[in-house]
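The lines below spell out each chain.
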Amino acid sequence: MIKLREAIKLKEDELKEIKKQIIQDVKKSQLNAYIIDENSLDENNQGIPILIKDNINVKGWEITCASNILKGYKSPYNASVIDKLKKYNLIPFGRSNMDEFAMGSTGESSIYGPTKNPIDHSRVPGGSSSGSAAAVAGNIAIAALGSDTGGSIRQPAGYCGCVGLKPTYGSVSRYGLIAYSSSLDQIGPITQDVRDCALLFDYIKGYDKMDSTSNINTPTNSTFENMNKDRKFTIGILKNAIKEADEEIAKSYSNLVDRLIKLGHTIKEIDLIDSNFQISSYYITSMAEASSNLARFDGVRYGNRASDAKNLKELYIKTRSNGFGNEVKRRILIGNFVLSSGYYDAYYLKAQKVRDYISFQYSEIFKSVDIILSPIAPNVAPKIGEQSNPLEMYLSDIYTIGVNLAGLCGICIPVDKNSENMPIGMQFIGNHFKEQDILDLALNVESSLKGE
Ligand code: GLN
């Protein structure tokens, strides 16, 4: 597939041919990465095609978050990122499959059925931006947008073998992203390589007055133009990082450390808070916020409404019982529980204190290192249907959620394959607004792996 940085130089008739080809390939594809919808796949629409996760609003398109409750609902407006893309002649092209309301790590909890991993169709592509990553790695998209609340851009990129960036909280507008957990959600790019990732990030980043958490200090310079793979960094490695990871991931991690030393970087061992605290703090916070954010889907204003309700209460109950899938219901229930008056202090408030402490720990670490190296997941992509226990699924997010809790940036790049030829991704974590640093280091490693 043509790279984004090459596609931006093409003429409209050449772009039209690419869009035609993508439509053909998508129709033949077994991956189930796209939600097939003629309206969103129009070759006559001018511009460079970018695949959009089905939780980002594109005016006039259906948007469902892969949930029954929103089936048939049409976006009344564009998310700010869509307007930004359009300024550079990039257009939304295709809706990507995802875990329902972005809750999940495998891409299986979608009303459209699971997406498949392009490297091995019996495995999951990761989640929740399952379709975005599978399509880019599977050569049926030039580049895609995803959202990352606790790893949903980086982890599927890692499982599929492409590049995913979770930007600093506040650097990309969330206006028009259907909220899962507002204090953690970020939109970001999923691309074929690091340079394209920098380019797409540049197109979507920047302060936006429509998002009250958008950060006015977001750097405006171009990370793509300023890329420099020869910079040297002090990189923190986690002493206990690999204790949760399987053997092959642990081996890849230490091989990458050796490579970084050879490339002239300085390595420093660091300690992090017990990652189990990160899991608890993340899941309490995200479920609490989700229970509040999803309260608006009650059959009155959006999407599907139960037809046979006798009164208002029954309308709410029937609409929500029929509309939401099991994982979403579980999270709404737990979220309401941790916010309820008897348990608020014990769970929600405690989770916020732990979250503060985690942020503090990262800020201490970033006093002595520039970047942290971490695995992306404890394992390679599991088989479809293998990860059926929710708690096990939550625990597999151990390496990605700290970045969201502390509002940092992180990039996942493919660095290796395991014995079954499945991609292994690793993650570089940067301090707030240090996207240039992690992109430069990622490019350095990517080039060295390619022997450049
Ligand atoms: N797997 C995590 C969750 O289920 C992260 C999801 C995300 O980043 N949207 O919450």
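Remember, predicted model here, so these are calculated numbers, not experimental data.

Definitions and limits used
Residues numbered from 1 in each chain as written. Predicted model: local features only at pLDDT ≥ 70, side-chain atom pairs only at ≥ 80, totals over all residues. Heavy atoms only, no water. Near = heavy atom within 4 Å. Polar contact = N/O pair within 3.5 Å; in protein donor to acceptor, adjacent residues only side chain to side chain. Areas by Shrake-Rupley, 256 points an atom, 1.4 Å probe, with all protein chains shown as cover. Nonpolar A, V, L, I, M, F, W, Y, C, P; charged D, E, K, R; others polar. Core = buried A, V, L, I, M, F, W, Y, C linked by side-chain atoms within 4.5 Å. Buried < 20%, exposed > 50% of the residue type's maximum accessible area, 1.4 Å probe, protein only. Helix = DSSP H or I, 4+ residues; strand = E, 2+ residues; numbered from the N terminus. Contact = heavy atoms within 4.5 Å. Pairing = 2+ DSSP bridges. Right-handed = clockwise from strand over helix to strand, strands pointing away. 1 Å grid on protein atoms, 1.4 Å probe; cavity = no way out; pocket = protein on both sides within 12 Å on 5 of 7 lines; lining within 4 Å. Points joined across faces, edges and corners; volume = space filled by probe spheres on them. Axes fitted to C-alpha atoms, helices over the stretch in contact; angles between N-to-C directions. Parallel < 35°, antiparallel > 145°, perpendicular 65-115°, else oblique. Left-handed = near helix turned anticlockwise from the far one by under 90°.

What to know about the site of the ligand
Around the ligand lies a shell of 15 residues, among which Thr 149, Gly 150, Ser 152, Tyr 180 and Tyr 282 are the nearest. Residue Thr 149 places a main-chain N or O atom 2.7 Å away from an oxygen atom belonging to the ligand. Between the ligand and the protein, one listed contact pairs a nitrogen atom with a side-chain N or O atom of Asp 397 at 2.8 Å. Taking 300 Å² as the accessible area of the ligand by itself, protein coverage stands at 100%. Taken together, the residues of the shell around the ligand sort by class into five nonpolar, seven polar and three charged.

Concerning the nonpolar core
Counting residues in hydrophobic clusters, the biggest one holds 128 residues, and the most contacted among them are Tyr 34, Phe 101, Leu 145, Leu 373, Ile 411 and Phe 428. Of all the elements, helix 6 (residues 194-204) adds the most residues to this core, at eight residues. If near-sequence neighbours (up to four positions away) are discounted, Tyr 34 is found in contact with Ile 22, Val 26, Leu 41, Leu 51, Phe 93, Gly 94, Arg 95, Ala 135, Ile 140 and Ala 141. Membership of the second largest hydrophobic core comes to five residues, among which are Ile 284, Ala 288, Val 338 and Ala 351.

Topic: the pairing of strand 4 (residues 143-148)
Most of strand 4 is tucked away: six of the six residues are buried. Taking every second residue as pointing to the same face, both faces of strand 4 are buried, with Ala 143, Leu 145 and Ser 147 on one and Ala 144, Gly 146 and Asp 148 on the other. With two bridges joining them, strand 2 (residues 48-53) and strand 4 adopt parallel strand pairing. Looking at strand 4, one finds that Ile 52 is bridged to Leu 145. Across six bridges, strand 4 lies against strand 6 (residues 186-191) in antiparallel orientation. Note on strand 6: the bridge partner recorded for Asp 148 is Gln 186.

A closer look at the pairing of strand 3 (residues 90-96)
The buried fraction of strand 3 is high, at seven of seven residues. As defined by bridge partners, strand 1 (residues 34-35) adjoins strand 3 across two bridges and the pair is classed as antiparallel. Bridge pairing in strand 3 links Tyr 34 to Ser 96. Read from strand 2 through helix 3 (residues 80-87) to strand 3, the crossover connection turns out right-handed.

A look at empty space enclosed by the protein
Over the atoms, a rolling probe the size of a water molecule traces out where space has been left empty. Throughout the structure, instances matching the rule amount to three cavities of 30 Å³ or more. Considering only enclosed or pocket space, the largest cavity measures out at about 100 Å³ in volume. Together, 16 residues line the largest cavity, and Gly 104, Ser 105, Ser 152, Tyr 282 and Asp 397 are the ones closest to its centre. For the lining of the largest cavity, a count of residues per class yields five nonpolar, nine polar and two charged.

Some details on the packing of helix 6 against helix 14 (residues 435-449)
Running from amino to carboxyl end, helix 6 crosses helix 14 at an angle of 160 degrees, the nearest separation of the two axes being 9 Å. With respect to their mutual orientation, helix 6 and helix 14 come out roughly antiparallel. The way helix 6 lies across helix 14 gives a crossing that is left-handed. Between helix 6 and helix 14, the residues in contact are Val 194, Arg 195, Cys 197, Ala 198 and Phe 201 and Glu 435, Leu 439, Ala 442, Leu 443 and Glu 446, respectively. Considering only residue class, the contact of helix 6 with helix 14 consists of seven nonpolar, no polar and three charged.

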